[in-house]
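Residue-level listing of the chains:
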Amino acid sequence: MQRIGLVLKSAEEQTLVLGDRIRSFLQERGKDILLEPSCADLADRWKARVTTDIADESDLLVVLGGDGTILRAAALLNDKSTPVLGVNLGRVGFMADISPEEALPELKAVLNGSAVFPRRMLLQVTLPDGTVRRVLNEVVIHWGGIARLIDLGIRMGSSREIE
């Protein structure tokens, strides 16, 4: 793993402090740091490269935040199988289950190949316009302010569609 993508909310101080520690840890080991465009202001200071294709270009994504940040990172992946290491800086942490104190030891385990990544099931959603997206955890269907009946088709694996 040479190219490590960092996904974080750059406006939060706790996130920036931990992000900087992780960045330093990785760069001391000769790793390249990639940032998404929302963190472009950190690129020069962190000697990192900004990319719009962070999921395609990273060998690992390190996500600093809560479950919402993990969901945002999952949306960046779409159908890529890039491993994601989630560090919980939120309140709940169902998906980002590594504490800030465990971040560097866990990252060390990832780099030496002894970490185990949980497999997560993705949902594939086909929108009315034909666009196909893969999402983690949930899909919200919202259609304006007035409640209406809608038709949904659900397929699980190779089983037939349920309507």
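Just so it is clear, the structure is predicted and the values come from calculations on it, not from any experiment.

*Asks:* Pulling in residues and values, what's your account of the pattern of salt bridges?
*Replies:* A complete count under the given rule lists 5 salt bridges for this structure. Between Glu28 and Arg29 there is a salt bridge whose closest N-O contact spans 3.7 Å. Classification of Glu28 as exposed rests on a relative accessible area of 64%. Between Arg72 and Glu36 there is a salt bridge, with its nearest N and O atoms 2.6 Å apart. Taken together, the residues Arg72 in helix H4 (residues 67-77) and Glu36 in the loop between strand S2 (32-35) and helix H2 (43-46) connect sequence positions 36 residues apart. A residue is classified by how much of its surface remains accessible, and Arg72, at 30% relative accessible area, is partly exposed. Given a relative accessible area of 7%, Glu36 falls into the buried group.

*Asks:* Now, about the packing of helix H1 (residues 13-28) against helix H5 (residues 103-111): what can you tell me, with residues and values included?
*Replies:* Helices that pack against each other are described as a pair by the angle of their axes relative to one another and the distance between those axes. As a packed pair, H1 and H5 sit with axes 11 Å apart at the nearest point and diverge in direction by 30 degrees. Seen from above, H1 lies across H5 with right-handed handedness. Residue-level contacts link Leu18, Arg21, Ile22, Phe25 and Leu26 of H1 to Ala103, Leu104, Leu107, Lys108 and Leu111 of H5. Its residues placed into classes, the contact of H1 with H5 shows 8 nonpolar, no polar and 2 charged.

Each value, and the rule that gives it
- Residues numbered from 1 in each chain as written.
- Predicted model: local features only at pLDDT ≥ 70, side-chain atom pairs only at ≥ 80, totals over all residues.
- Heavy atoms only, no water.
- Salt bridge = Lys/Arg side-chain N within 4 Å of Asp/Glu carboxyl O.
- Buried < 20%, exposed > 50% of the residue type's maximum accessible area, 1.4 Å probe, protein only.
- Helix = DSSP H or I, 4+ residues; strand = E, 2+ residues; numbered from the N terminus.
- Axes fitted to C-alpha atoms, helices over the stretch in contact; angles between N-to-C directions.
- Left-handed = near helix turned anticlockwise from the far one by under 90°.
- Contact = heavy atoms within 4.5 Å.
- Nonpolar A, V, L, I, M, F, W, Y, C, P; charged D, E, K, R; others polar.

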